[in-house]
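Coordinates in review
For reference, the chains in residue letters:
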Amino acid sequence: MSTLWRVAEVVSGVPESETSRTIGLRVDGLNGSLAGQHIDIRLTADDGYTAVRSYSVATAGMDEILEITVDELTDGEVSPYLVRDLMVGDQLEIRGPVGGWFVWRPTDTNTVQLIAGGSGIVPLMSMIRAHEASENPSPFRLLYSLKSPEAGFYREELLTLSRESPKLTVDYVYTRKVPPGWAGAPKRLTAETLLATVLPAEAGPDIFICGQTMFVETVAGWLVQAGYPATSIKTERFGGTGGLR
Amino acid sequence: MGIISSGFHGKRRTGNAAIPPGQHETGTFPVLTAGPAPYVARADWEFFITTEAGQRHAWSWDAFMALPQVDIRTDIHCVTSWSKLGTSWRGVSLDTLFEDVETASEFTTAHSYGGYTTNVPLRDLLGGKAWVAWEFDGEPLERAHGGPARLLVPHLYLWKSAKWINGIELMREDIPGFWESNGYHMHGDPWREERYS
Ligand SMILES: Cc1cc2nc3c(=O)[nH]c(=O)nc-3n(C[C@H](O)[C@H](O)[C@H](O)COP(=O)(O)OP(=O)(O)OC[C@H]3O[C@@H](n4cnc5c(N)ncnc54)[C@H](O)[C@@H]3O)c2cc1C
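What comes next concerns the included structure. Note that the coordinates shown come from a computational prediction; the quantities given were computed from them, not determined experimentally.

What about the overall build of chain B?
Secondary structure summary: chain B contains two helices and eleven strands in total. The secondary structure elements of chain B, listed N-terminal to C-terminal, are β-β-β-α-β-β-α-β-β-β-β-β-β. Considering chain B as a whole, with its 197 residues, one finds that 51% of them fall into the buried category. Across chain B, the fraction of contacts at a sequence separation of at least 24, relative to all contacts at a separation of at least 6, is 66%.

Here is the structure:
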């Protein structure tokens, strides 16, 4: 079923930051998704030319609606269209949700360390949402590496959760611009900051890392070097040519 | 044709919709192998299919060459991000090799001389999608590229197209092969960038 192209209708579009938008899609016959899965979106030009890109599902609901959050790459082919041009009421084609590896299930009992670079937050947010909606008590910790506070996705929701949820801790790294009152200058994520911030290896966390390929490679490498078992680390690479961010 | 997205024109930057996302075109034929290339003489070469019930079908080089041979023109895509368009091959369709094979399995493991393995779902081998190829560009397949014969499953990343192919084992379960045990994807569809697990 996940290999079939299906028609999805755009039911909502809400800016998530200056360059991104969360898009709600209604997919007839869809029966939810697992936290961490992605869909493929196919756009067709009027001469039949098509482009396909993957987008993580931001919500892990059990109904016919799913949400994605797309970050615009100014020189990209598909993301500017999805962020700027696509309108509520439009239709497009989707395949999925797919993926059974980079997923979190409410029955998983381990503590969880999530590490996001930029738009890599999307599948991790669906895990956080599924975790919050579940009775699962195991602690979650999120490390979110961002260019600037304004670039953050789900800002209000994460703020509220980090204040109110007893089972979620959120840490930020700002690479270009820090929020007012932040101690220290913007800086890239380093191995030291990473290891000082994530759950210790002794806690045996399941680790999910998501972001641009370079970010994922670098972070996963540091963790393996520091003694986290490679088998505990799951990664999702968003491709693209972008470096660390 | 699918649903038209009005206002979407696409960039067609590569000028070629045949190139999957994250890939670039190459004119050469890079060689990527984990270890030294095994040497297998045609006289010693054999291709087998074993079923989950333990039945074994096998072809010597001569028996294999007596099967219907087809020419294949196809694009190939390596997970290290190169794609080579319009390559030409000659070989035997897996449909031919599976004609007398009775199986209920959905999964297979391809075995190579030298010990390499890779898992490929049976549906990705049948239906005109895969071949055992022994000729490239009109010449016998070079040893570096898998000669005497290699699997050719061009719609998946090239690590699925096992070089120095020895046989296909039908499996009750999907068991990861060499690269799949090392972080690579169980399926490997370039159009979905199924690169890593
Ligand atoms: C499993 C998965 C999940 C994903 N989830 C999300 C998500 O939740 N949110 C999200 O925003 N993204 C996500 N992505 C990334 C997404 O699929 C797209 O890659 C992204 O939106 C960019 O697509 P694009 O068409 O706009 O850019 P593209 O046109 O594909 O370009 C991408 C970049 O590569 C450069 N580039 C491309 N082709 C060339 C070329 N020929 N020469 C030079 N440079 C080139 C461009 O300049 C650009 O910077 C995900 C990816 C994967 C694999």
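Details of the pairing of strand β3 (residues 38-44) of chain A
Each regular strand displays side chains that alternate between the two surfaces of the sheet. Residue and element names in this part refer to chain A. Burial of β3 is extensive: six of the seven residues sit out of reach of the surface. The pairing of β3 with strand β4 (residues 50-56) spans seven bridges and is classified as antiparallel. Looking at the pairing, histidine 38 lines up with serine 56 of β4. Hairpin connection between β3 and β4: a loop of five residues separates the two successive antiparallel strands, and glycine 48 in this loop has a positive phi of roughly 95 degrees. Here β3 runs beside strand β6 (residues 91-98); their pairing, made up of four bridges, is antiparallel. By the bridge assignment, aspartate 40 is partnered in β6 with arginine 95.

Description of the sheet that holds β3 of chain A
Residues and elements named next belong to chain A. On the basis of which strands lie adjacent, the open sheet formed by six strands has the order β4-β3-β6-β1-β2-β5 and antiparallel pairing. Either end of the sheet is taken by a strand with one partner, and the two such strands are β4 and β5 (65-71). Recorded for the sheet is a direction-independent mean angle of 40 degrees between the axes of neighbouring strands. As defined by bridge partners, strand β2 (residues 20-27) adjoins β5 across seven bridges and the pair is classed as antiparallel. Across the sheet, residue arginine 26 finds its bridge partner in β5, namely isoleucine 65.

Some details on the site of the ligand
In the neighbourhood of the ligand, 22 residues make up the surrounding shell, with Ser54, Tyr55, Asp75, Val78 and Ser79 of chain A lying closest. Residues lining the ligand come from chains A and B. Here an oxygen atom of the ligand and a side-chain polar atom of tyrosine 55 of chain A are 2.6 Å apart. A distance of 2.7 Å is found between an oxygen atom of the ligand and a backbone nitrogen or oxygen belonging to valine 78 of chain A.

Some remarks on the nonpolar core
All names here are of chain B. Ranked by size, the top nonpolar core spans 34 residues in total, and within it Trp45, Leu97, Val132 and Leu151 carry the most contacts. For this core, the secondary structure elements donating two or more residues are β2 (46-50), α1 (61-65), α2 (94-97), β8 (131-136) and β11 (165-171). Among the elements that take part in this core, β11 stands out by supplying three residues, more than any other. Residue contacts for leucine 151: discarding those within four places in its chain leaves Leu94, Ala110, Leu125, Trp131, Val132, Lys160, Ser161, Ala162, Ile165 and Ile168.

Describing the interface of chain B and chain A
Counting residues at the interface gives 17 residues for chain B, matched by 24 residues for chain A. Where chain B abuts chain A, roughly 2,000 Å² becomes buried across the two surfaces, and 56% of that area is made up of carbon and sulfur atoms. On the chain B side of the interface with chain A, the three residues burying the most area are Ile3, Phe8 and Arg192 of chain B, jointly 37% of the side's total. Our enumeration of links across chain B and chain A arrives at one salt bridge. Here aspartate 40 of chain A makes a salt bridge to arginine 192 of chain B, at a shortest N to O gap of 3.9 Å. Counting across the chain B and chain A interface gives two residue pairs in polar contact (both at pLDDT 80 or more). Of the residues in the side of chain B that touches chain A, the class split is six nonpolar, seven polar and four charged.

Scoring rules and cut-offs
- Residues numbered from 1 in each chain as written.
- Chains lettered and ligands numbered in written order.
- Predicted model: local features only at pLDDT ≥ 70, side-chain atom pairs only at ≥ 80, totals over all residues.
- Heavy atoms only, no water.
- Helix = DSSP H or I, 4+ residues; strand = E, 2+ residues; numbered from the N terminus.
- Buried < 20%, exposed > 50% of the residue type's maximum accessible area, 1.4 Å probe, protein only.
- Contact = heavy atoms within 4.5 Å.
- Pairing = 2+ DSSP bridges.
- Axes fitted to C-alpha atoms, helices over the stretch in contact; angles between N-to-C directions.
- Near = heavy atom within 4 Å.
- Polar contact = N/O pair within 3.5 Å; in protein donor to acceptor, adjacent residues only side chain to side chain.
- Core = buried A, V, L, I, M, F, W, Y, C linked by side-chain atoms within 4.5 Å.
- Buried area = accessible area lost by both parts, 1.4 Å probe.
- Salt bridge = Lys/Arg side-chain N within 4 Å of Asp/Glu carboxyl O.
- Nonpolar A, V, L, I, M, F, W, Y, C, P; charged D, E, K, R; others polar.

Worth remembering: the numbers are spatial, not functional.
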